[in-house]
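# Notes for the structure review
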Amino acid sequence: MDPESVYKSVVEKDNKYVMPTYGRKPLLFTGGKDSTLIDVFGKEYIDCVAGIAVNATGYANQKLVSAIQEQAARLIHVSNYYYNIPQADLAEKLVNITGLSKVFFCNSGAEANDGAMKLAKLHTKKNSFISTNNAFHGRTIGSLGATANIKYRDPFVPLVKPATFVEYGNASAIEKAVEGDTAGVILEPIQGEGGVHVSNKEYLKEVREICDKKGLVLIFDEVQTGFGRTGKWFCKDHYGVSPDILTMAKGIGGGLPLGAFAARDGLSFEKGEHGTTFGGSPLVCAASLAVIETIEERQLLQNAEQMGRYFMEKLSKMKRDDVVNIRGMGLMIGIELNHECGYFMDAAAQQGVLLNVTAGNVIRLLPPLTIKKEEADRVVAVIESIQKN
Ligand SMILES: *Cc1c(COP(=O)(O)O)cnc(C)c1O
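In this report, we go over the structure that sits alongside the text. (Residues numbered from 1 in each chain as written. Predicted model: local features only at pLDDT ≥ 70, side-chain atom pairs only at ≥ 80, totals over all residues. Heavy atoms only, no water.)

Further remarks concern the pairing of strand E11 (residues 245–248). Neither face of E11 is open: one carries Ile245 and Thr247, the other Leu246 and Met248, and all of them are buried. Relative to E11, strand E10 (residues 217–221) runs parallel, the two sharing three bridges. Bridge pairing in E11 places Phe220 opposite Leu246. Strand direction decides the pairing type here: E11 and strand E12 (residues 259–263), joined by four bridges, are antiparallel. (Buried < 20%, exposed > 50% of the residue type's maximum accessible area, 1.4 Å probe, protein only. Helix = DSSP H or I, 4+ residues; strand = E, 2+ residues; numbered from the N terminus. Pairing = 2+ DSSP bridges.)

Structural data, given as structure tokens:
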């Protein structure tokens, strides 16, 4: 079939059979290499979406592909009733890079946050959580309770129990919101979906102290900021503040569905207290190990840090009079404009650059950690060229 017919038939089937939750762009990708995606017509795009911070090591990473192929041929899934070689190896690795004590494997970011909140409830025998304005923690009934956006949350209330939402970046607002039934605080060290809001060392330190003082469980949601996105394994490493529970997903699995949370010493589920069928299968864990090895071997933490700085410098020199603020850390960058800019996604795609817009007026860049200078130059030039609507 010619590309036009393939495209048409996919769109037709999708419209007919898939629930229309996503508002799809008129794009159909069939392959990729490193930071470049290729559509069905053979057109190339520099990808600053990376499957929403998932494809950290780029497309067609041979180490990752081989690890998946080899593990798939050997053993894809086995029940969590049994031991599993890649899972044990990955658990050890995650404990080493998070500095925490034990991990639980699940399948997504929302599930990781659900599990973390269950663990906090069990540990404290309390039920409520404090979250922050603009927070995004996922779309399950539980994680939605800690997600601020009423557009996502309101149609489903009552949820298990929505969190109390306080201003992000304001530690005393957290202290004031603590009640007798508060089990914990859940925070993104950089808010992603909410518009790339970067916290600071003092904030996280103070929140840590409040949690210690009041006996609350501090959960860092590093689903988006983890696995090198900000130039270190985890964003918390920039701040020297450790949570009681750290949640992970997105970049962890090289595109396979994997989530996890790690908890400090003395905080763990015991037999029967939590579980999932698919979590930590040999296949996804082998993929994750290959992602971690790639990040180490190719020094992608350093690249994320350096390229992040390069991007910031270039972006700050753009000749645009509608930029309010450019912020971020490593390769998690937000460019806030003084107007709604959803149309940038299509306009940039036409010029061969994929980017994302969040919170209505923030262009969000989340490229693979492998991105190169020439690609960054092109991305910035394209952003600079898109006219104010
Ligand atoms: C994407 C995201 C989630 C939800 O992850 P899913 O895998 O989509 O369930 C949770 N928290 C943060 C910070 C995220 O960016």
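Moving on: the pattern of salt bridges. Per the counting criterion, the structure on display carries 16 salt bridges. Residues Asp14 and Arg24 are paired through a salt bridge, measuring 2.9 Å at the closest nitrogen-oxygen approach. Taken as a pair, Asp14 in helix H1 (residues 3–17) and Arg24 in the loop between H1 and strand E1 (29–33) lie far apart in primary sequence, ten residues in all. For Arg364, the salt bridge identified is with Glu193, shortest N-O distance 3.9 Å. (Salt bridge = Lys/Arg side-chain N within 4 Å of Asp/Glu carboxyl O.)

Moving on, we get to the packing of aromatic side chains. All told, the structure shown has eleven aromatic pairs when counted by the stated rule. On the numbers, 6.4 Å between centres and 75 degrees between planes, the contact of Phe104 with Phe269 is edge-to-face. Highlighted residues: Phe104 in strand E4 (residues 102–106) and Phe269 in the loop between E12 and helix H11 (282–297), separated in sequence by 165 residues. Here the two residues Phe104 and Phe269 agree in accessibility, since each one is buried. Relative to Phe344, the ring of Tyr343 lies with its centre 5.1 Å away and its plane at 55 degrees, an arrangement referred to as tilted. This pair shows no difference in class: Tyr343 is buried, exactly as Phe344 is. By way of ring pairs, the aromatic residues Phe104, Phe261 and Phe269 are connected into one cluster. In this structure, Arg139 packs its charged tip against the face of Tyr152, placed 3.9 Å from the ring centre. (Phe/Tyr/Trp six-rings, centres within 6.5 Å; stacked < 30°, edge-to-face > 60°. Lys NZ or Arg CZ within 6 Å of the ring centre and 35° of its normal.)

Before going further, it helps to spend a moment on the sheet that holds strand E13 (residues 323–329). Here we have four strands laid out as an open sheet, ordered E13-E14-E17-E16, and antiparallel in their pairing. Sheet topology places E13 and strand E16 (356–358) at the edges, where each strand pairs with a single neighbour. The mean angle between the axes of side-by-side strands here comes to 25 degrees, regardless of whether they run parallel or antiparallel. Across three bridges, E16 lies against strand E17 (residues 362–365) in antiparallel orientation. For Thr358, the partnering residue across the bridge sits in E17 and is Val362. (Axes fitted to C-alpha atoms, helices over the stretch in contact; angles between N-to-C directions.)

Turning to the sheet that holds E11, a few remarks are in order. Read across the open sheet, the seven strands follow the order E4-E12-E11-E10-E7-E5-E6; overall the sheet is mixed. Lying at the two open borders of the sheet, with one neighbouring strand each, are E4 and strand E6 (164–166). Neighbouring strand axes in the sheet, compared pairwise and without regard to direction, differ in orientation by 20 degrees on average. Helix-sheet contacts for helix H4 (residues 85–98) involve E4, E11 and E12, and the interaxial angle to E4 is about 125 degrees. (Contact = heavy atoms within 4.5 Å.)

With that settled, consider the nonpolar core. Within the largest apolar cluster, 86 residues are counted, with the highest numbers of intra-cluster contacts made by Leu94, Phe311, Phe344, Ile363, Leu365 and Ile383. Considering every element that reaches this core, the biggest residue donor is H11, with eight residues. The residues contacting Ile363, other than those within four sequence positions of it, are Ile333, Gly334, Ile335, Leu337, Cys341, Phe344, Leu355, Asn356, Val357 and Ile383. If you look at the next biggest cluster of nonpolar residues, it comprises 19 residues, including Ala112, Met117, Val217 and Ile245. (Core = buried A, V, L, I, M, F, W, Y, C linked by side-chain atoms within 4.5 Å.)

On to empty space enclosed by the protein, then. Summed over the entire model, instances satisfying the criterion amount to one cavity of 30 Å³ or more. Its boundaries defined by the atoms lining it, the largest cavity holds a volume of some 40 Å³. Taken together, Ala53, Ala56, Val223, Gln224, Gly226, Phe227, Arg229, Ala249, Gly251 and Leu369 make up the lining of the largest cavity. In the lining of the largest cavity, the residues fall into six nonpolar, three polar and one charged. (1 Å grid on protein atoms, 1.4 Å probe; cavity = no way out; pocket = protein on both sides within 12 Å on 5 of 7 lines; lining within 4 Å. Points joined across faces, edges and corners; volume = space filled by probe spheres on them. Nonpolar A, V, L, I, M, F, W, Y, C, P; charged D, E, K, R; others polar.)

Okay, the site of the ligand next. Neighbouring the ligand are Ser108, Gly109, Ala110, Asn113, Phe136, His137, Gly138, Glu188, Asp221, Val223, Gln224 and Lys250. At 2.8 Å from an oxygen atom of the ligand is found a main-chain nitrogen or oxygen belonging to Ala110. A distance of 2.7 Å separates a nitrogen atom of the ligand from a polar side-chain atom of Asp221. Here the ligand loses 80% of its free accessible area of 380 Å² to cover by the protein chains. (Near = heavy atom within 4 Å. Polar contact = N/O pair within 3.5 Å; in protein donor to acceptor, adjacent residues only side chain to side chain. Areas by Shrake-Rupley, 256 points an atom, 1.4 Å probe, with all protein chains shown as cover.)

Once that is clear, we can look at the packing of H4 against H11. Geometrically, a packed helix pair is captured by the angle between its two axes and the distance between the axes. Relative to each other, H4 and H11 sit at 40 degrees, their axes nearing to 8 Å. By the criterion of interaxial angle, the relationship of H4 to H11 is oblique. The two elements H4 and H11 cross, and the hand of that crossing is left-handed. Facing Pro86, Gln87, Asp89, Leu90, Lys93, Leu94 and Ile97 of H4, the residues of H11 in contact are Pro282, Cys285, Ala286, Ser288, Leu289, Ile292 and Glu296. (Parallel < 35°, antiparallel > 145°, perpendicular 65-115°, else oblique. Left-handed = near helix turned anticlockwise from the far one by under 90°.)

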